[in-house]
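# Residue-level structural notes
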Amino acid sequence: AYGLTLVFPGNVYALDPSQGPDYDEKACLKGLTPKGQIRRAMEERLQLAADRGARIINLRLGDFFSASLESSWLKALIKPSKTGYTLATPGPVDLKHTWAYLPDVAHTLALLVEKRQDLPAYALFHYQGYQASLNEIATALRQVTDQPVRLTRFPWPLLRLLTPFSSLFQGLWEMRYLWRHDIRLNDRKLKAFLGRPLPRTPM
């Protein structure tokens, strides 16, 4: 009614790993898990709202992280130890994973909102962010802290045992496939629309 624009932080849950590793905005949404099906339904509902007069900006993102974000994978995986740090590895250490640094995401969304009059009613963009493996994160952590970083295995078997007693652990177990597949968000469309380099804080 007021012609406002809804900004939606999308994610990769509804993407089909078998179609990867490179995904643009035309990628088919399948939702192989309950969380993926929820995300697919949410995006379909946003599209329907746009068809009925709403204005939507949907920015699909990888795993969020920032210094102040407590509920993030990096916060859970990186722990201080007596001799430096440990980095738990939920998947292959050389597999690229997609990360989204929230201050950069916020800056990018602000740039999109400033140009919203040039957007269609439903505007979908992919945001590449960082394509970084666990090994690369360990290297960056060593360089920044000047401390040793020891890689350890993420305790998937223990988490599996605890899933009947915790909806959080059940959700993590459900999405473990994201650590076994390379899912890259192609952001050529986003860069072309903004006509400038995307905000990017060095790792």
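Read on for an overview of the structure. (Residues numbered from 1 in each chain as written. Predicted model: local features only at pLDDT ≥ 70, side-chain atom pairs only at ≥ 80, totals over all residues. Heavy atoms only, no water.)

Another aspect to go through is the packing of aromatic side chains. Within this structure, the stated rule accounts for 10 aromatic pairs. Put simply, the rings of Phe 65, Trp 73, Trp 99, Tyr 101, Tyr 130, Phe 154, Trp 156, Trp 173 and Trp 179 touch in pairs and so form one group of aromatic residues. Positioned over the ring face of Phe 193 is Lys 115, at 4.6 Å from the centre of the ring. (Phe/Tyr/Trp six-rings, centres within 6.5 Å; stacked < 30°, edge-to-face > 60°. Lys NZ or Arg CZ within 6 Å of the ring centre and 35° of its normal.)

Looking now at helix H4 (residues 134-145). Here H4 spans 16 Å end to end across 12 residues, near enough to the 16 Å set by a 1.5 Å rise per residue. Listed in full, the buried residues belonging to H4 are Leu 134, Ile 137, Ala 138, Ala 140 and Leu 141. Taken down its axis, H4 places every buried residue within 165° of arc, on the same side. Residues of H4 that are buried make contact with helix H2 (73-77), strand S5 (78-81), strand S6 (84-89), strand S7 (97-101), strand S9 (130-132) and strand S10 (149-153). Positive backbone phi, approximately 60°, marks Asp 146, located one or two places after H4. (Helix = DSSP H or I, 4+ residues; strand = E, 2+ residues; numbered from the N terminus. Expected span 1.5 Å × (residues − 1). Buried < 20%, exposed > 50% of the residue type's maximum accessible area, 1.4 Å probe, protein only. Arc of directions from axis to C-beta. Contact = heavy atoms within 4.5 Å.)

Here we come to the sheet that holds strand S8 (residues 122-126). In any sheet, the strands associate via hydrogen bonds between backbone groups, in a parallel or an antiparallel arrangement. The 3 strands are arranged S1-S3-S8 in an open sheet whose pairing can be described as parallel. Pairing within the sheet leaves two strands with one partner each, and these edge strands are strand S1 (5-10) and S8. Across this sheet, the average inter-strand angle for adjacent strands is 15°, counted without regard to direction. Inspection of the sheet shows strand S3 (residues 55-60) paired to S8 by 5 bridges, in the parallel sense. Looking at S8, one finds that Ile 57 is bridged to Ala 123. Helix H1 (residues 34-51) rests against S1, S3 and S8 of the sheet, and its axis sits at about 160° to S1. On the sheet, helix H3 (residues 102-114) packs against S1, S3 and S8 and is oriented at approximately 150° with respect to S3. (Pairing = 2+ DSSP bridges. Axes fitted to C-alpha atoms, helices over the stretch in contact; angles between N-to-C directions.)

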